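The primary structure of each chain is shown beneath.
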Amino acid sequence: NGIACGFAPSFEEVTQFPGRMEIEAKASDLRGESRKGKPWLAGLPRLIFISSMGDSLSKAVSFEYLKKEIIHVVKSDAGRRHIWLWLTKRPERMAEFSKNLLNKGISWPQNLWVGTSITSNVSLSRIEDIAKVGTAETKKFLSVEPQLEEISWNAVDLSPISWVIQGGESGGKRRSFDLNWARELRDICRAGGTPYFLKQLGDNPVENGRSVKIKGQGSGGDWDFWPEDLRIREMPFERETSIFDLLGMD
């Protein structure tokens, strides 16, 4: 059932599942392994999303719970073999949690990357909050998915951001995703030296106001059918640097 799989009875009900992070931490170590169908991950650690179907930064979840269930596990011998991606729509609370840890003498794990969701101009203010999490060395990313409108990127400072993920919407009532939005953000990332990752085009891609029909794709995720200039999936660290040393640090 849903509870056994780690899903809350409803999206409106905050439900805690203690121990699930510890279980995930025991997953096999993928460092140095090839990744079939995902060349951008070849040789890299396993990437694990935290509470991907919810938001653990709800005020109903205590900082003590987050410290025990997330920070301690990520820092454990098993957990530090992986990269953990913590995405939230409440970056101001994540920054508050980070400050709470610092006051207790607890450092932010370097293998815990933090991100926030940006879907429109209204959510741009989250970037300033996510920048306050951890230290200057903490990797911060944006999940611009689904992008629902043209975004004024010149209105914000992207310099603290280490990685940008972008994508269109999928599902029955999917809204359109303009391919020129992807090209714009791609070029901004290139100019700033920020790795850019286009996850999917969504189920309703458009270009110059016209629908784009792309055969053979599911949720716009099969990049073999995309325009060649948009087949970009970059990761936020140099492969010649030692990710193994990074994962061995606090």
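Our structure is the block above this text.
Residues numbered from 1 in each chain as written. Predicted model: local features only at pLDDT ≥ 70, side-chain atom pairs only at ≥ 80, totals over all residues. Heavy atoms only, no water.

Draft legend 1. Spatial organisation of the side chain of Ser-117. Of note, Ser-117 is situated in strand β3 (residues 112-117). In contact with Ser-117, not counting residues within four places along its chain, are Leu-87, Thr-88, Lys-89, Ser-123, Arg-126 and Ser-143. (Helix = DSSP H or I, 4+ residues; strand = E, 2+ residues; numbered from the N terminus. Contact = heavy atoms within 4.5 Å.)

Draft legend 2. Representation of the sheet that holds β3. Sheet architecture is open: six strands sit in the order β1-β2-β3-β4-β5-β7, paired in parallel fashion. Looking at strand neighbours, the two that pair on one side only are β1 (47-50) and β7 (196-200), the edges of this open sheet. For this sheet the average axis-to-axis angle between neighbouring strands, irrespective of direction, equals 25°. In this sheet, β3 lies alongside strand β2 (residues 83-88) in parallel orientation, the contact comprising five bridges. Within the sheet, the bridge partner assigned to Leu-87 lies in β3 and is Gly-115. (Pairing = 2+ DSSP bridges. Axes fitted to C-alpha atoms, helices over the stretch in contact; angles between N-to-C directions.)

Draft legend 3. Quick peek at helix α6 (residues 179-192). When the terminal C-alpha atoms of α6 are compared, their 20 Å separation across 14 residues agrees well with the 20 Å that a helix rising 1.5 Å per residue should span. When we look at burial in α6, the residues that qualify are Leu-179, Trp-181, Ala-182, Arg-183, Leu-185, Arg-186 and Cys-189. In this fold, the buried residues of α6 make contact with β4 (140-144), β5 (163-167), β6 (177-178), β7 and β8 (205-207). Capping the start of α6 is the job of one residue whose side-chain oxygen sits 2.8 Å from the backbone nitrogen of Asn-180: Asp-178. (Expected span 1.5 Å × (residues − 1). Buried < 20%, exposed > 50% of the residue type's maximum accessible area, 1.4 Å probe, protein only. Polar contact = N/O pair within 3.5 Å; in protein donor to acceptor, adjacent residues only side chain to side chain.)

Draft legend 4. Fine view of the environment of Phe-197. Within the secondary structure, Phe-197 sits in strand β7. Residue classification places Phe-197 among the buried positions, given a relative accessible area of 11%. Sequence separation of Phe-197 and Arg-231 is 34 residues, and the distance between their C-alpha atoms is 8.7 Å. For Phe-197, the residues in contact, after removing those within four places along its chain, are Trp-40, Trp-163, Val-164, Ile-165, Gln-166, Ile-232, Arg-233, Glu-234 and Met-235.

Draft legend 5. Seen up close, the nonpolar core. Core analysis: the largest hydrophobic core is formed by 49 residues, its most contacted members being Ile-70, Trp-86, Trp-108, Leu-112 and Trp-153. The element best represented in this core is helix α3 (residues 63-75), accounting for seven residues. Filtering out sequence-adjacent residues up to four positions away, Trp-153 remains in contact with Ile-118, Leu-124, Ile-127, Leu-142, Val-144, Leu-158, Glu-184, Leu-185 and Ile-188. Grouped together as the second largest cluster of nonpolar side chains are 13 residues, Leu-41, Ile-165, Phe-197 and Met-235 included. (Core = buried A, V, L, I, M, F, W, Y, C linked by side-chain atoms within 4.5 Å.)

Draft legend 6. Just the pairing of β2, in detail. Counting buried positions along β2 yields six of six residues, so the element is predominantly enclosed. A two-sided burial pattern is seen for β2, the buried positions comprising Ile-83, Leu-85 and Leu-87 on one face and Trp-84, Trp-86 and Thr-88 on the other. In this sheet, β2 lies alongside β1 in parallel orientation, the contact comprising four bridges. Bridged to Ile-50 within β2 is Trp-86. Handedness of the crossover joining β2 and β3 through helix α4 (residues 91-103) is recorded here as right-handed. (Right-handed = clockwise from strand over helix to strand, strands pointing away.)

Draft legend 7. Representation of the packing of aromatic side chains in the model. By the definition in use, this model includes 10 aromatic pairs. For the pair Trp-40 and Trp-223, a centre-to-centre distance of 5.2 Å together with 80° between the ring planes defines the contact as edge-to-face. Here Trp-223 lies in the loop between β9 (210-211) and α7 (243-247) and Trp-40 lies in the loop between α2 (20-25) and β1, a separation of 183 residues in the sequence. Judged by its relative accessible area of 10%, Trp-40 falls in the buried class. A ring pair is formed by Trp-86 and Trp-108, whose centres lie 6.0 Å apart and whose planes are at 10°; its orientation type is stacked. One end of the pair, Trp-86, is in strand β2; the other, Trp-108, is in the loop between α4 and β3, with 22 residues separating them in the sequence. (Phe/Tyr/Trp six-rings, centres within 6.5 Å; stacked < 30°, edge-to-face > 60°.)

Draft legend 8. Structural detail: the pairing of β5. Taking burial as the measure, the five residues of β5 include five buried ones, the bulk of the element. In β5, alternate side chains face the same way, and those of Trp-163, Ile-165 and Gly-167 on one face and Val-164 and Gln-166 on the other are all buried. As paired elements, β4 and β5 share four bridges and run parallel to each other. Bridge pairing in β5 links Val-144 to Gln-166. As defined by bridge partners, β5 adjoins β7 across four bridges and the pair is classed as parallel. Across the sheet, Val-164 pairs through a bridge with Tyr-196, a residue of β7.

Draft legend 9. Representation of the packing of α3 against α4 in the model. Packing of α3 against α4 leaves a shortest axis separation of 11 Å and a crossing angle of 80°. Comparing their axes, α4 and α3 come out roughly perpendicular. Residues Phe-63, Leu-66, Lys-67 and Ile-71 of α3 pack against Arg-93, Glu-96, Phe-97, Asn-100 and Leu-101 of α4. Class assignment for the residues of the contact of α3 with α4 results in five nonpolar, one polar and three charged. (Parallel < 35°, antiparallel > 145°, perpendicular 65-115°, else oblique. Nonpolar A, V, L, I, M, F, W, Y, C, P; charged D, E, K, R; others polar.)

In short, geometric facts, not functional conclusions.
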